[in-house]
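Structure assessment
What follows is the residue order along each chain.
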Amino acid sequence: SNRNLYAFWPRLSTYLNKELGTTFSIWLNRLRVEKSIEFLMSEPAMSIEDCGLKSGFSNIYNYSRWFKQIIGVSPRDYRKEHSESASVSAVTLHS
């Protein structure tokens, strides 16, 4: 029930703050970014925007902002860099 959720919320928030040194918002968006990376790598035909939306972000702006803040590069650059390194690795393995 909602009552149980409201009772749980302060404990979760305290745990995240004290034990992990983060806020709920940052923790949740890190999980979303991690999920979006799975989509970026496993679904090359999926648009960047759809990767963000399927991961729980409400729009491309918030997705790109959080992704860059957490990972250090844009989702587009991440996909490009990692798909290129995967191609290089595959060529190296087959040589």
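Quick summary incoming for the structure in this document. (Residues numbered from 1 in each chain as written. Predicted model: local features only at pLDDT ≥ 70, side-chain atom pairs only at ≥ 80, totals over all residues. Heavy atoms only, no water.)

**Thoughts on the overall build of the protein**
A count of helices and strands for the protein gives 5 helices and 0 strands. When the helices and strands of the protein are listed from N to C terminus, the series reads α-α-α-α-α. Burial analysis of the protein (95 residues in total) assigns 22% to the buried set. Long-range contacts, defined here as pairs at least 24 residues apart, represent 49% of the contacts in the protein between residues at least 6 apart. Approximately 6800 Å² of the protein is accessible, and the part contributed by carbon and sulfur atoms is 56%. (Helix = DSSP H or I, 4+ residues; strand = E, 2+ residues; numbered from the N terminus. Buried < 20%, exposed > 50% of the residue type's maximum accessible area, 1.4 Å probe, protein only. Contact = heavy atoms within 4.5 Å. Areas by Shrake-Rupley, 256 points an atom, 1.4 Å probe, with all protein chains shown as cover.)

**A short note on the packing of aromatic side chains**
The final tally for this structure, using the stated rule, is 4 aromatic pairs. The interplanar angle of 40° and the centroid separation of 5.8 Å between the aromatic rings of Phe 24 and Trp 27 together place this pair among those described as tilted. Here Phe 24 and its partner Trp 27 are both found in helix H2 (residues 24–42), 3 residues apart, which amounts to about one turn of the helix. Residue Phe 24 is classed as partly exposed on the basis of its relative accessible area of 27%. Owing to a relative accessible area of 31%, Trp 27 belongs among the partly exposed residues under this scheme. Centroid distance Phe 67 to Tyr 78: 5.6 Å. Interplanar angle 75°. Geometry classified as edge-to-face. (Phe/Tyr/Trp six-rings, centres within 6.5 Å; stacked < 30°, edge-to-face > 60°.)

**Quick word on helix H4 (residues 60–71)**
Relative to the 16 Å expected for 12 residues at 1.5 Å per residue, H4 spans 16 Å between its end C-alpha atoms, a close match to the ideal helical length. For H4, every residue scored as buried is listed here: Tyr 63, Trp 66 and Phe 67. Looking straight down H4, one finds its buried side chains confined to an arc of 105°; they lie on one side. Facing away from the buried side of H4, by more than 90 degrees, are the exposed residues Tyr 61, Lys 68 and Gln 69. Structurally, the start of H4 carries an N-cap: the backbone nitrogen of Tyr 61 is 3.1 Å from a side-chain oxygen of Asn 59. Two residues or fewer past H4, Gly 72 is found with a positive phi of approximately 105°. (Expected span 1.5 Å × (residues − 1). Arc of directions from axis to C-beta. Polar contact = N/O pair within 3.5 Å; in protein donor to acceptor, adjacent residues only side chain to side chain.)

**Some thoughts on the side chain of Thr 22**
Within the secondary structure, Thr 22 sits in the loop between helix H1 (2–19) and H2. The exposure class of Thr 22 is buried, given its relative accessible area of 9%. Once residues within four sequence positions are removed from consideration, Thr 22 is found in contact with Leu 16, Asn 17 and Trp 27.

By themselves, these observations are geometric and do not establish any function.
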